Amino acid sequence: MAAAIEIADAEGLDAVSMSRVAKAGFTPMSLYRHVGGKEELLLHMQDVAVGPPHAELDPAPGAGWRECVERWAWATVRHMRAHPWILQTVPMLGPPATPNQLSWLEYGLRALRPTPLAEPEKLYVILMLNAHTFGDLTFHEAETADTPESAYETLFTRFLDPARFPALLEAFAEGAFAEGPDPAEDRDAQFRFGLDRILDGVARLIGTRAG
């Protein structure tokens, strides 16, 4: 699995094939004794790359639900960013398909155990956070593969009709599409903004249940 993951990390998932992985230390026949085909190979790659949650995600004594959920969410997104090809192998809102996926779900739900939320609501919170994580990957993978920032300026200043797109052009004029000096910091700020808004809503819901 390490060879397949290394290929996917470096060149993307399309570069992974049974023959390519076999050249990294297997014969094709010996590889097929371990996995039945590419679909099974991808499933094993996904499980190994996702990995088990780290012990530091165990709720610390005295830590509130929000702190625990935030640590879980940041650990999730950073793990996924390290292997962005996972986006192509995991259904965004589908059931967990591997043991490690189940372990991450367990830790997420465990962080919400102290809350008065109903069990389905706890799952909904985790699904929202997963969708936010997948959104981070989707947006930034597309952005990385896209044209330079100058292309945005050309699009907005030359081709958009101000009468039809006033809000979009106002956002552009105010720097909403500008890349800051540290793209990684910008990306974290965007993820944090969405995470805070989700958890603000969850906190408000929990507040209606308290007492």
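Quick note: structure is the one above.
Residues numbered from 1 in each chain as written. Predicted model: local features only at pLDDT ≥ 70, side-chain atom pairs only at ≥ 80, totals over all residues. Heavy atoms only, no water.

**Here's the deal with the overall build of the protein**
Within the protein, the secondary structure is distributed over 10 helices and 0 strands. Written out in order from the N terminus, the α and β elements of the protein read α-α-α-α-α-α-α-α-α-α. Put simply, 70% of the contacts in the protein that link residues at least 6 apart link residues at least 24 apart. (Helix = DSSP H or I, 4+ residues; strand = E, 2+ residues; numbered from the N terminus. Contact = heavy atoms within 4.5 Å.)

**With respect to helix α5 (residues 65-82)**
With 18 residues, α5 should cover 26 Å at 1.5 Å per step; its first-to-last C-alpha distance of 26 Å lies within 8% of that length. If you check which residues of α5 are buried, you get Trp 65, Cys 68, Val 69, Trp 72, Ala 73, Trp 74, Thr 76, Val 77, Met 80 and Arg 81. (Expected span 1.5 Å × (residues − 1). Buried < 20%, exposed > 50% of the residue type's maximum accessible area, 1.4 Å probe, protein only.)

**Concerning the packing of aromatic side chains**
A full pass over the atoms with the stated rule returns 1 aromatic pair. Measuring from centroid to centroid gives 4.9 Å for Trp 74 and Phe 191, while their planes differ by 65°, and the two rings are edge-to-face. Separated by 117 residues along the polypeptide, Trp 74 in helix α5 and Phe 191 in helix α10 (residues 183-209) bring together distant segments of the chain. Trp 74 sits in the buried class, given a relative accessible area of 14%. Note on Phe 191: relative accessible area 2%, which makes it buried. Between Arg 110 and the ring centre of Tyr 107, over which it is positioned, the NZ or CZ distance is 4.5 Å. The cationic tip of Arg 197 hangs over the ring face of Phe 193; the distance from NZ or CZ to the ring centre is 5.0 Å. (Phe/Tyr/Trp six-rings, centres within 6.5 Å; stacked < 30°, edge-to-face > 60°. Lys NZ or Arg CZ within 6 Å of the ring centre and 35° of its normal.)

**Topic: the side chain of Asp 136**
Within the secondary structure layout, Asp 136 lies in helix α7 (residues 119-145). A polar contact of 3.0 Å, which involves the side chain of Asp 136, links it to the side chain of Arg 81. Once residues within four sequence positions are removed from consideration, Asp 136 is found in contact with Val 77, Arg 81, Arg 187 and Phe 191. (Polar contact = N/O pair within 3.5 Å; in protein donor to acceptor, adjacent residues only side chain to side chain.)

**Observations regarding the nonpolar core**
In this structure, Val 16, Met 45, Trp 72 and Trp 85 are the most contacted members of the largest nonpolar core, which totals 43 residues. Secondary structure elements with two or more residues in this core: α1 (2-11), α2 (18-22), α4 (38-50), α5, α6 (99-111), α7 and α10. Tallying contributions element by element places α5 first for this core, with 8 residues. Ignoring anything within four residues of it in the chain, the contact list for Met 45 reads Met 1, Ala 4, Ile 5, Ala 8, Leu 13, Val 16 and Trp 85. (Core = buried A, V, L, I, M, F, W, Y, C linked by side-chain atoms within 4.5 Å.)

**Quick look at the packing of α5 against α10**
Contact geometry of α5 with α10 gives a least axis separation of 11 Å together with a crossing angle of 145°. Note that α5 runs across α10; the crossing there is right-handed. Taking contact as the criterion, the partners of Trp 65, Arg 66, Val 69, Glu 70, Ala 73, Trp 74, Val 77, Arg 78 and Arg 81 in α5 are, on α10, Arg 187, Asp 188, Phe 191, Arg 192, Leu 195, Asp 196, Leu 199, Asp 200, Val 202, Ala 203 and Ile 206. Class assignment of the residues belonging to the contact of α5 with α10 gives a composition of 11 nonpolar, no polar and 9 charged. (Axes fitted to C-alpha atoms, helices over the stretch in contact; angles between N-to-C directions. Left-handed = near helix turned anticlockwise from the far one by under 90°. Nonpolar A, V, L, I, M, F, W, Y, C, P; charged D, E, K, R; others polar.)

**Quick look at the pattern of salt bridges**
For the coordinates displayed, the defined rule picks out 10 salt bridges. Among the ionic pairs, Arg 81 bridges to Asp 136, the shortest N-O distance being 3.0 Å. With Arg 81 in helix α5 and Asp 136 in helix α7, this residue pair connects regions lying 55 residues apart in the sequence. Given a relative accessible area of 6%, Asp 136 falls into the buried group. Salt-bridge contacts for Arg 110 lead to Glu 106; the nearest nitrogen and oxygen are separated by 2.9 Å. Placement of the pair is Arg 110 and Glu 106 together in helix α6, with a separation of 4 residues, close to one helical turn. (Salt bridge = Lys/Arg side-chain N within 4 Å of Asp/Glu carboxyl O.)

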